[in-house]
Structure formats: C-alpha cells, structure tokens
Amino acid sequence: MNKDLTKGQPEQVLWSFCLPLFGSIIFQQLYNIADSLIAGKLVGENALAAVGNSYEITLIFIAFAFGCNIGCSVIVSRYFGAKENHNVRTAVHTTLVSGGILCLVLMAAGFLGCKGLLHLIQTPEEIMADSRLYLNIYIAGLPFLFFYNIATGIFSAMGDSKTPFLFLAFSSTANIVVDYLFVRFLHMGVAGVAWATFLCQGVSCILAVVVVFRRLSGLECRMEARIFSGHIFAQICAVAIPSILQQSFISVGNIVIQGLINGFGPSVIAGYAAAIKLNNLVITSFTTLGNGISNFTSQNLGAGKYERIHSGFKAGLKMVLALCVPIVAVYFLLGKWLVFLFMESAQGLAIDTGVQILRILAPFYFVVSVKLVTDGVLRGASRMKEFMTATFTDLILRVALAMALSGMLGAVGIWAAWPVGWSFGAMVSLFFYKWLKNAL
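Residues numbered from 1 in each chain as written. Predicted model: local features only at pLDDT ≥ 70, side-chain atom pairs only at ≥ 80, totals over all residues. Heavy atoms only, no water.

A. Spatial organisation of the overall build of the protein chain. Assigned secondary structure in the protein chain consists of 15 helices and 0 strands. At 21 Å, the protein chain has a C-alpha radius of gyration in line with the 22 Å of a compact globule built from 440 residues. Across its three principal directions, the C-alpha atoms of the protein chain cover 65 × 45 × 35 Å. Contacts in the protein chain between residues far apart in sequence, at least 24 positions, make up 85% of those at least 6 positions apart. Carbon together with sulfur atoms contributes 69% to the accessible area of the protein chain, which is approximately 16,800 Å² in total. (Helix = DSSP H or I, 4+ residues; strand = E, 2+ residues; numbered from the N terminus. Rg over C-alpha atoms; globule rule 2.2 N^0.38 Å. Contact = heavy atoms within 4.5 Å. Areas by Shrake-Rupley, 256 points an atom, 1.4 Å probe, with all protein chains shown as cover.)

B. Fine view of helix α2 (residues 45-81). The terminal C-alpha atoms of α2, which comprises 37 residues, lie 50 Å apart, in line with the 54 Å expected from a rise of 1.5 Å per residue. A bend of about 35 degrees at glutamate 56 is the largest found in α2. With 33 of 37 residues buried, α2 lies mostly within the body of the structure. (Expected span 1.5 Å × (residues − 1). Bend = angle between axes of the 7 residues up to and from the residue. Buried < 20%, exposed > 50% of the residue type's maximum accessible area, 1.4 Å probe, protein only.)

C. Quick look at a nonpolar patch on the surface. A cluster of nonpolar residues, Leu42, Val43, Tyr180, Leu181, Phe185 and Leu186, forms a patch on the protein surface that exposes about 540 Å² of accessible area. Of all the elements, helix α6 (residues 162-185) adds the most residues to the nonpolar patch, at 3 residues. Residue classification places tyrosine 180 among the partly exposed residues on the basis of a relative accessible area of 37%. (Patch = residues over 30% accessible without salt bridge, like charges linked within 9 Å, V, L, I, M, F, W, Y side chains within 5 Å. Salt bridge = Lys/Arg side-chain N within 4 Å of Asp/Glu carboxyl O.)

D. Expanded view of the pattern of salt bridges. This model, assessed by the stated rule, comprises 4 salt bridges. The salt bridge partner of aspartate 160 is arginine 215, with a shortest N-O separation of 2.7 Å. Highlighted residues: aspartate 160 in the loop between α5 (142-157) and α6 and arginine 215 in helix α7 (residues 189-217), separated in sequence by 55 residues. By the burial criterion, aspartate 160 is buried, and arginine 215 matches it.

E. Quick look at the packing of α2 against helix α4 (residues 125-140). The contact between α2 and α4 brings their axes to 8 Å, and the two run at 40 degrees. Comparing the axis directions of α2 and α4 gives the class oblique. The chirality of how α2 crosses α4 is right-handed. Counting all contacts with α2, which are made through Asn46, Ala49, Ala50, Val51, Asn53, Ser54, Ile57, Thr58, Phe61 and Ile62, the residues of α4 involved are Glu126, Ile127, Asp130, Ser131, Tyr134, Leu135, Tyr138 and Ile139. Split by residue class, the contact of α2 with α4 holds 11 nonpolar, 5 polar and 2 charged. (Axes fitted to C-alpha atoms, helices over the stretch in contact; angles between N-to-C directions. Parallel < 35°, antiparallel > 145°, perpendicular 65-115°, else oblique. Left-handed = near helix turned anticlockwise from the far one by under 90°. Nonpolar A, V, L, I, M, F, W, Y, C, P; charged D, E, K, R; others polar.)

F. Broad picture of the packing of aromatic side chains. Counted under the stated rule, the structure contains 10 aromatic pairs. Consider the rings of phenylalanine 144 and phenylalanine 198, whose centres lie 5.3 Å apart with planes at 70 degrees: the pair is edge-to-face. Pair noted here: phenylalanine 144 is in helix α5 and phenylalanine 198 is in helix α7, with a separation of 54 residues, a long-range link. Pairing phenylalanine 431 with phenylalanine 432 gives two aromatic rings, centres 5.5 Å apart and planes at 65 degrees, and the pair type is edge-to-face. Among the aromatic side chains, those forming a connected cluster through ring pairs are Phe144, Trp195 and Phe198. Across the ring face of phenylalanine 185, the terminal group of arginine 184 is positioned such that the distance to the ring centre comes to 5.5 Å. In this structure, lysine 336 packs its charged tip against the face of tryptophan 337, placed 5.7 Å from the ring centre. (Phe/Tyr/Trp six-rings, centres within 6.5 Å; stacked < 30°, edge-to-face > 60°. Lys NZ or Arg CZ within 6 Å of the ring centre and 35° of its normal.)

G. Spotlight on empty space enclosed by the protein. If you walk through the whole model with that rule in mind, you get 4 cavities of 30 Å³ or more. Volume-wise, the second largest cavity comes out at about 60 Å³. Contributing to the lining of the second largest cavity are Ile137, Tyr138, Gly141, Leu142, Leu145, Ala194, Thr197, Phe198 and Gln201. For the lining of the second largest cavity, the secondary structure elements donating two or more residues are α4, α5 and α7. Classifying every residue of the lining of the second largest cavity by side-chain character gives 6 nonpolar, 3 polar and no charged. (1 Å grid on protein atoms, 1.4 Å probe; cavity = no way out; pocket = protein on both sides within 12 Å on 5 of 7 lines; lining within 4 Å. Points joined across faces, edges and corners; volume = space filled by probe spheres on them.)

What follows is the structure, given as structure tokens:
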C-alpha cells in the first residue's frame, strides 16, 4: 500500500516505514551471505575466497543499480508528496528506459573486462577460474538486479516498504534452498552458487516489476504520463549520478583494498570474505535506512513541511543507535562463531583474520550509522555536493591509510583504516546537515 510520509508523528512514521526496509535488506544480503557460506562449507576455503574476491567487483555493478534506485526514488517521492501523479508515472517510465540502456552497456563492459579486473587486483591463480565463472554468471543476471532496484525505489518513494520485504523474504529463502541443492546434490560448485542467485533474483525482479505497473495504474492522473521526459531525466540524473559516482568510487576503493589483501594469500582472503559479508550486512542495512530517511525528507520537501525533516532526522538517529546496540554486542562477543559459519574449521588463519576484523570494526558502527542517517537527509534534499564530499572524505582516508598501514602493520593496518574514515566522514556529514537545517 502507498503511504503518505508527510502526515503523522515522524518517529512513528519512520519506524513503521523503515523497519520493513531493514528487513528487506537483511534478506537481500542473505543472497551474498548464502553464496559465501555454502561455498565455504560445502566446496572449500578456495571457493569462499573466489566468491569473496569476485564480490568486490560486483559492487561496481551494484553501485549503478543503487544509483538508479535512489535517483528514481527521490524524484518520484517528491512528485508523490506534491500529488503530481502524472509526473510520478513519467519519472518511473523514464527511469526504466534509461536504466535498461545503462544495464546493457554495463553487461557488455563486464563480459569484456572482468578478466582484466581480476588480474588487476592480483587474484591468486588457484582461485582465478572460479572467480571468472562466478562473475560471468553474475553479469548475465544484471537486468534482474537493475529492474528490481528500480522497482524497490518506486515502492519506497510511494511509502510502501512492505511489498519489497515480502518479495525478498520469499526469494532469499528460496535462494538458500537452491544454493544447497545445486552445490550439495548436483555438485555444481561455485557455478551452482551463482546460478542459484541468478534464478531467485530473477523471480523477485519479475514479481516486483509486475506489481509496480499494477500500482501505477491505480494512480489518478489529470494529465497523460509520458514514456520519457528529458526534464525529469535530468532531475533523476542530478541525484543518481552523484550516488553512482559515490558508490563506484567506494567500489574502486574496495577493489584497491582487495588487491592489498590478496597479497596476504588465500587464507586471509577467505577470512576477509567472511567478515566483510557480515560487515556489509550491517552497513548496507543502515544505508537502506538512510534511503528511507531520504524518501521521508523528499516527500516532506515536496509538501513544504520543512520542520518534519528535522524531526525525522532526530527520529532516524534514535532508530539506528538503538539497532546498533545488539549488533555491536553480537559481532564483538560472538564474532568467532559467526565467522565459523563460513568455514570448514574453527581454527586457523582464516578464522583469526575474520574475528580480528569484526572486533576492530564493530564498536564504530555507532559512528557510521550516524553518518548514513545524515547522508540520507542530504540526499533526500538533493544536496549531492555535500553528500559526495562527506563520502569521499571517508573513502580517501580509508584507502590511503590502508595502503600506508598495511606496509607497517600487515593486514591489521588495513582493518584499522576503516574506523578513521568513518569518523571523519561522520563529522563532515553532520557539519553539512547543520548548514542545511539553517537554510530550510
């Protein structure tokens, strides 16, 4: 059901809207976690390393899909808040057309360039074949990734966070079952892991797009919607391109970091692959909550209700900090058993590496969650220069420190760079939010 985020108590509205988003991203992350978990448990440490190694490259494609999601979501939510339903439809059509073209370009680039990227990040020879195989199947499924992300952005823009949650709950559960079937009984190895994700994500995408069109048909329009609008495309690009650049540069930074990690051998790669999946589960979840706050901000901006934006920011901070408490406790205290879920043995360098990463990063989830909520407000208000400045502050510090400290401290220097980048990025985001608050 569509929901007007410009009415009701901001804290109650945000909890009601954002918790299904939080649940959705948990299920979405289960795709990647299931891939790594089953690869590590049923195929072996090298398979886990191959999936983890490929994952950093897949984040580039995810960056573009995310940009389409947030660009469409922010603009559609603004028109939805202003009750301009014909522009809502036009914005959706415009995103689907432009997103489809972008997807085709990326598929061509991916098939032609993935081998070179794997060599660029110094992928060890023993995991090269599996890494290429996983990536090629993943690239074949990019249309599902793109159109699903666009669909979820549309649902969120219209205040509906429950529908995508139901789709993902079904498809993620199915993915785990199909993963296990393909690897355990059909002995398909890394290919089975990749094909399971392809099939289940495809089903989720098709269902989501069908429901989007049914939902749009129920909107009353005083004017006819267009298939493509250059004006609305420019508005979407103004939000989407900075988001794509932000996520792409983060992905490139992660690839640089992956290259540093690859120099420490397959066991450290495997430990990092397990820990980073657990870490990304948290970061992506809070990023999605930030997206929900972007929708809240954008709808209220469209309705001219500026004070609700500031109330929503405070409510968002309370929400993420409350969620941080159990997450930090579990990751810090039970990290070994979480990492062991991905491993064949509870002892060894891979386990030790994963636990070390979680214990360094977990306490700073309180910091990065504040940054991501603040970024959500900036993005929803289309303050993309400020948003990008804060993000690049974080990224540049993380990559530069990882390169410098890895030479002095070994792998632990790489993990230590994360909290520094998060902390400085959070301070920059908060500075820009205060400036925005005074401007509205």
